[in-house]
Amino acid sequence: MANSTVTIAVEDGTLPAQWYPPKLPDAPTLVVCQEIFGVTDYIRRRCQDLNDLGYGVLAPEFYWRVADDGPVPEITETGEDALQQAMALAGRLDFTAATSDGVAAVEWAQDSAPAVGLIGFCFGGGLAFAIAAQTDPAVLVSYYGSALPSLLDLAPQVTAPSLHHFGEVDSFIDADAQAAIREAVSAHGAVWQSHPGADHAFDNDAAGWFHPESSANAWQSTIAFLATHLPVGGND
């Protein structure tokens, strides 16, 4: 089945989200939290990858709150000043409100799925962590969560099995910050995977930071982690 846009009622508006229905009605759902560029073609490809594994996949468009009554903003990663545009958008987005939207997305998914997990990239890696602290998902996978250094007080509340991916030469989250994150999340059972030679956003094949080897290794680890903690019928 093709993906479609669904709307989720939240306290102060309507959250749009891309929905990839599972092939089997009793399959678990993954809520995918966008990176800083938005729900881009890259994020949609990853959603399709997860859907091909059998999961229902829901990708909330968190930038609806800064859409200024128009379409949800989308930035092409290779465009001129793309990072500056993305950081400006993220700076306008209230993180607490976005977390609340994510909680609503998880609850929407829980209405029809037997279990729900979270996976986030970059901006979404930290956002997924914050959402997990409020929703107790079946599993959490976070790729280089950029907000994590400021969210470590939430670590005791994130009780789901979790996997964190970081590049060892991340330009935005240095070794000291990574060490602090690792200490905080590992104390609560998280699995940590470092990727030599990889920068921030190493999984994004449309951006200049793409590191093919680390991307492939991380994705295989992610698939295995999901199969263990959020199996699709017939794949466990």
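What you see is a predicted model; the values in this text were computed from it and never measured. (Residues numbered from 1 in each chain as written. Predicted model: local features only at pLDDT ≥ 70, side-chain atom pairs only at ≥ 80, totals over all residues. Heavy atoms only, no water.)

Caption draft 1: Here's a closer look at unusual backbone geometry. Of note in this structure, Y144 is not a glycine but carries a positive phi near 35°. Mapped onto the secondary structure, Y144 falls in the loop between β6 (140-143) and β7 (162-167). You will see that A201, though not glycine, has its phi angle at about 55°, which is positive. Tracing the backbone shows A201 in the loop between β8 (191-195) and α6 (212-229). (Helix = DSSP H or I, 4+ residues; strand = E, 2+ residues; numbered from the N terminus.)

Caption draft 2: A look at the sheet that holds β6. One open sheet accounts for eight strands, arranged β1-β2-β4-β3-β5-β6-β7-β8; its pairing is mixed. Both edges of this open sheet fall to β1 (4-10) and β8, since each of them pairs with a single strand only. Neighbouring strand axes in the sheet, compared pairwise and without regard to direction, differ in orientation by 20° on average. As paired strands, strand β2 (residues 13-20) and strand β4 (residues 56-60) are joined by four bridges and run antiparallel to one another. Each residue of the ladder has a partner; that of W19, found in β4, is L58. Packing against the sheet, helix α1 (residues 41-52) makes contact with β2, β3 (29-33), β4 and β5 (116-121), and its axis sits at approximately 160° to β4. (Pairing = 2+ DSSP bridges. Axes fitted to C-alpha atoms, helices over the stretch in contact; angles between N-to-C directions. Contact = heavy atoms within 4.5 Å.)

Caption draft 3: Broad picture of helix α4 (residues 123-135). Between the first and last C-alpha of α4 there are 19 Å, a value that for 13 residues agrees with the 18 Å anticipated at 1.5 Å per step. Burial runs high along α4: twelve of the 13 residues are buried. For α4, the complete set of buried residues consists of F123, G124, G125, G126, L127, A128, F129, A130, I131, A132, A133 and T135. Of the surrounding elements, those touching the buried residues of α4 are β3, α3 (95-110), β5, β6, β7 and α5 (175-186). Trailing α4 by a residue or two, D136 shows a phi angle of about 50°, which is positive. (Expected span 1.5 Å × (residues − 1). Buried < 20%, exposed > 50% of the residue type's maximum accessible area, 1.4 Å probe, protein only.)

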